[in-house]
Amino acid sequence: MEDTLVLIKPDGLKNHLVGEIIKRYEQDALDIKNMKLVAPDEKLLSLHYEEHIGRDYFKDLMDFMLSGSLIALVLSGDNAIERVRAINGKTNPKEADKGTIRGDLAEDLRHNLVHGSDSKDSALRELALWF
Ligand code: CDP
Ligand code: MG
């Protein structure tokens, strides 16, 4: 069993896709261990995205993530980290497969609906930040 962090980003709430997104994780039999609506501050978001500090898109990414509330979830299951990343699809919706959240529903590279931890270390670090 493994835990991973999912964030449903502000575009998910604005476009009323929260139910649709959570349904996809549940259909894969991932368990919801915790869930909350959050309005994160800049401090939390810069810690969450610290590996992106200094990139040319960092400011726009922060503005987007600060543009509305988001949903934070702890999902649990065998191999949960990899399974969530597969369900989410590639970062750029244009490259994401059909059948993935980003491939089916997301707008563009920045507004791509969901975050999923990318390794065991990031999952531990991110879960401690958000929960
Ligand atoms: O979210 P994921 O781990 O798939 O991708 P990432 O490469 O770690 O990038 C984190 C987030 O930054 C992405 O999900 C996008 O929302 C955003 N991003 C962006 O706004 N502009 C870029 N050129 C690249 C990423
Ligand atoms: Mg990432």
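The following paragraphs examine the structure supplied in this document.

What counts and how
Residues numbered from 1 in each chain as written. Chains lettered and ligands numbered in written order. Predicted model: local features only at pLDDT ≥ 70, side-chain atom pairs only at ≥ 80, totals over all residues. Heavy atoms only, no water. Helix = DSSP H or I, 4+ residues; strand = E, 2+ residues; numbered from the N terminus. Rg over C-alpha atoms; globule rule 2.2 N^0.38 Å. Buried < 20%, exposed > 50% of the residue type's maximum accessible area, 1.4 Å probe, protein only. Contact = heavy atoms within 4.5 Å. Areas by Shrake-Rupley, 256 points an atom, 1.4 Å probe, with all protein chains shown as cover. Lys, Arg positive; Asp, Glu negative; His and termini not counted. Charge placed at Lys NZ, Arg CZ, Asp CG, Glu CD. Core = buried A, V, L, I, M, F, W, Y, C linked by side-chain atoms within 4.5 Å. Polar contact = N/O pair within 3.5 Å; in protein donor to acceptor, adjacent residues only side chain to side chain. Pairing = 2+ DSSP bridges. Arc of directions from axis to C-beta.

1. Quick look at the overall build of the chain
Part 1: Along the backbone of the chain there are 7 helices and 4 strands.
Part 2: Reading the chain from its N end, one meets helices and strands in the order β-α-α-β-α-α-β-α-α-β-α.
Part 3: Computed over C-alpha atoms, the radius of gyration of the chain comes to 14 Å, within 12% of the 14 Å expected from 2.2 N^0.38 for 131 residues, which places it in the range of a compact globule.
Part 4: Buried residues in the chain amount to 47% of all 131 residues.
Part 5: Put simply, 76% of the contacts in the chain that link residues at least 6 apart link residues at least 24 apart.
Part 6: For the chain, the accessible surface area stands at approximately 7000 Å², while carbon and sulfur atoms represent 50% of it.
Part 7: For the chain, the centre of its 18 positive side-chain charges and the centre of its 24 negative side-chain charges are spaced 2 Å apart.

2. Topic: the nonpolar core
As a rule of thumb, soluble globular proteins bury nonpolar side chains together.
Part 1: If you look at the biggest cluster of nonpolar residues, it comprises 17 residues, and the most contacted ones within it are Ile21 and Tyr25.
Part 2: Listed by contribution, the elements that provide at least two residues to this core are strand E1 (2-8), helix H2 (18-27), strand E3 (70-77) and helix H5 (80-88).

3. Quick look at the side chain of His52
Part 1: Mapped onto the fold, His52 is located in the loop between helix H3 (42-48) and helix H4 (58-65).
Part 2: The buried category is assigned to His52, whose relative accessible area is 18%.
Part 3: A distance of 2.7 Å separates a polar atom in the side chain of His52 from a polar atom in the side chain of Tyr57.

4. Notes on the pairing of E1
Part 1: Most of E1 is tucked away: 6 of the 7 residues are buried.
Part 2: Judged from the 7 bridges that link them, E1 and E3 form a sheet pairing that is antiparallel. Along E3, the bridge assignment pairs Thr4 with Leu75.
Part 3: Alignment of E1 against strand E4 (residues 114-116), held across 3 bridges, turns out to be antiparallel. Among the inter-strand pairings, Val6 is bridged to a residue of E4, identified as Gly116.

5. Some remarks on the side chain of Thr4
Part 1: Relative to the assigned elements, Thr4 resides in strand E1.
Part 2: Leave out the neighbours within four places in its chain, and Thr4 touches Leu73, Val74, Leu75, Ala80, Ile81, Val84, Ser117, Ala123 and Leu127.

6. Here we look at H2
In an α-helix, one turn spans 3.6 residues; hence positions three or four apart end up facing the same way.
Part 1: Looking at H2, one finds that the buried residues are Ile21, Ile22, Arg24 and Tyr25. Along the axis of H2, the buried positions cluster into a sector of 150 degrees, meaning they face one direction only. More than 90 degrees from the buried face of H2, the exposed residues found are Gly19 and Gln27.
Part 2: Where H2 is buried, its residues meet E1, strand E2 (31-38), E3, H5, helix H6 (101-105) and E4.
Part 3: Backbone geometry just after H2 places Ala29 at a positive phi near 65 degrees.

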